[in-house]
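One-letter residues, chain by chain:
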Amino acid sequence: MLVHAAQPETRINKLFSQTELEDNYEKDLSQKLPEGIRCSGQRSCSDRLRRLLFDGEAAARGLENTITAGDMGRYLELAYRGRLFSPAISEKALRILSDQRLGNKMPFFLPSGMRCAHKTGEDSGITHDVGIVWAPEPFILCCCANQVWPPRFNRFIQDVTRELLEAQGVLL
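Reading guide: rules and limits
Sequence order sets the numbering: in each chain, residues are counted from 1 along the sequence as written. This being a predicted model, a pLDDT of at least 70 is required before a residue's local features are given, and a value of 80 or more before pairs of side-chain atoms are given or counted; all residues contribute to the totals for chains, interfaces and linings. Based on all heavy atoms of the structure, the side-chain values leave hydrogens and waters out of the count. For this document, the term salt bridge refers to a Lys or Arg side-chain nitrogen within 4 Å of an Asp or Glu carboxyl oxygen. The rule is simple: take the accessible area with a 1.4 Å probe, protein chains only, and divide by the maximum for that residue type; under 20% is buried, over 50% is exposed, in between is partly exposed. For helices the rule is a DSSP run of H or I covering at least 4 residues; for strands it is a run of E covering at least 2, with both sets numbered from the N terminus onward. The rule for a disulfide is simple: a pair of cysteine sulfur atoms within 2.5 Å. Geometry of aromatic contacts follows a simple scheme: Phe, Tyr and Trp rings, the Trp one being its six-membered ring, pair when their centres are within 6.5 Å, and the pair is stacked under 30 degrees between planes, edge-to-face over 60, tilted otherwise. Axes, fitted as lines to C-alpha atoms, cover a helix only where it is in contact. Angles between the N-to-C directions of the axes lie from 0 to 180 degrees. Each helix crossing is assigned a hand: it is left-handed if the near helix lies turned anticlockwise from the far helix by less than a right angle, otherwise right-handed if that turn is clockwise. Every residue pair with non-hydrogen atoms within 4.5 Å of one another is taken to be in contact. Polarity classes work like this: nonpolar for Ala, Val, Leu, Ile, Met, Phe, Trp, Tyr, Cys and Pro, charged for Asp, Glu, Lys and Arg, and polar for all others, with Gly in that last group. Take the buried residues of types Ala, Val, Leu, Ile, Met, Phe, Trp, Tyr and Cys, join any two whose side-chain atoms come within 4.5 Å, and each joined set is a nonpolar core.

Caption draft 1: Broad picture of the pattern of salt bridges. This model, assessed by the stated rule, comprises 7 salt bridges. Here Glu-77 and Arg-81 are joined by a salt bridge, their closest N and O atoms 2.9 Å apart. Judged by relative accessible area, Arg-81 falls into the partly exposed class, the value being 48%. Between Arg-155 and Asp-159 there is a salt bridge, with the nearest N and O atoms lying 2.9 Å from each other. Pair noted here: Arg-155 and Asp-159 are both in helix H5 (residues 150-167), with a separation of 4 residues, about one helical turn. Take Arg-155: its relative accessible area is 40%, and that puts it in the partly exposed class. Three or more residues are tied together by salt bridges with common partners; here these are Arg-155, Asp-159, Arg-162 and Glu-166.

Structure, rendered in structure tokens:
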């Protein structure tokens, strides 16, 4: 099941929290990929990467990175199916996403022990959580928004996740 809950394109300044510096380093390295690189047969994945994560000068010039819920969902599905570049890279990506420390969005209502591989992000008026929940019928949920009050949209993410679990009889 693939669920998209988002505005068509969401501007992001921060993909990662300050405490995830190792992940930021890997993200910055991935942003240095050659122009027009293709991701497992998908369209170009460099067209929305306009600057490195903490490049204040580029941000001051108005260069911002953008994502779509659809793009994130496709990447997550490729990882889930072991086709994000390779099975080994797919598994490493899912392992990193499963170690996410923030549980105030998608995993908020998950039963103890249920795996969730997800990535959150938040900035002024921007919030998102995209991930995979290994419910009896695993699902991908991608919620991205800008120009919102993050606490309210975070509650929306929690509620949608809870409703998807309830539909499978996991939470009643």
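Caption draft 2: The arrangement of the state of the cysteines in detail. Per the stated rule, a full pass over the model turns up 0 disulfides. For Cys-142, which is in no disulfide, the shortest distance to another cysteine sulfur is to Cys-144 and amounts to 6.4 Å.

Caption draft 3: Representation of the packing of aromatic side chains. Under the criterion given, the structure shown has 3 aromatic pairs. Arranged with centres 6.1 Å apart and planes meeting at 45 degrees, the rings of Tyr-80 and Trp-134 form a pair that is tilted. Of this pair, Tyr-80 sits in helix H3 (residues 69-80) while Trp-134 sits in the loop between strand S5 (126-133) and strand S6 (139-146), and the two are 54 residues apart along the sequence. The partly exposed category is assigned to Tyr-80, whose relative accessible area is 37%.

Caption draft 4: Quick look at the packing of H3 against helix H4 (residues 87-98). Contact geometry of H3 with H4 gives a least axis separation of 8 Å together with a crossing angle of 115 degrees. When you trace H3 past H4, the crossing you get is left-handed. Along the contact surface, H3 presents Leu-76, Leu-78, Ala-79 and Tyr-80, while H4 presents Ser-90, Leu-94 and Leu-97. Classifying every residue of the contact of H3 with H4 by side-chain character gives 6 nonpolar, 1 polar and no charged.

Caption draft 5: Quick look at the nonpolar core. Counting residues in hydrophobic clusters, the biggest one holds 16 residues, and the most contacted among them are Val-133, Phe-139, Leu-141 and Leu-165. Those elements giving two or more residues to this core turn out to be S6 and H5. It is H5 that contributes the most residues to this core, 5 residues altogether. Ile-67, Leu-97, Val-130 and Cys-144 belong to the second largest nonpolar core, which has 15 residues in total.

Caption draft 6: Examining unusual backbone geometry more closely. Look at Phe-85: it is not a glycine, yet its phi comes out positive at around 70 degrees. One can find Phe-85 in the loop between H3 and H4. We classify Phe-85 as partly exposed; its relative accessible area is 49%.

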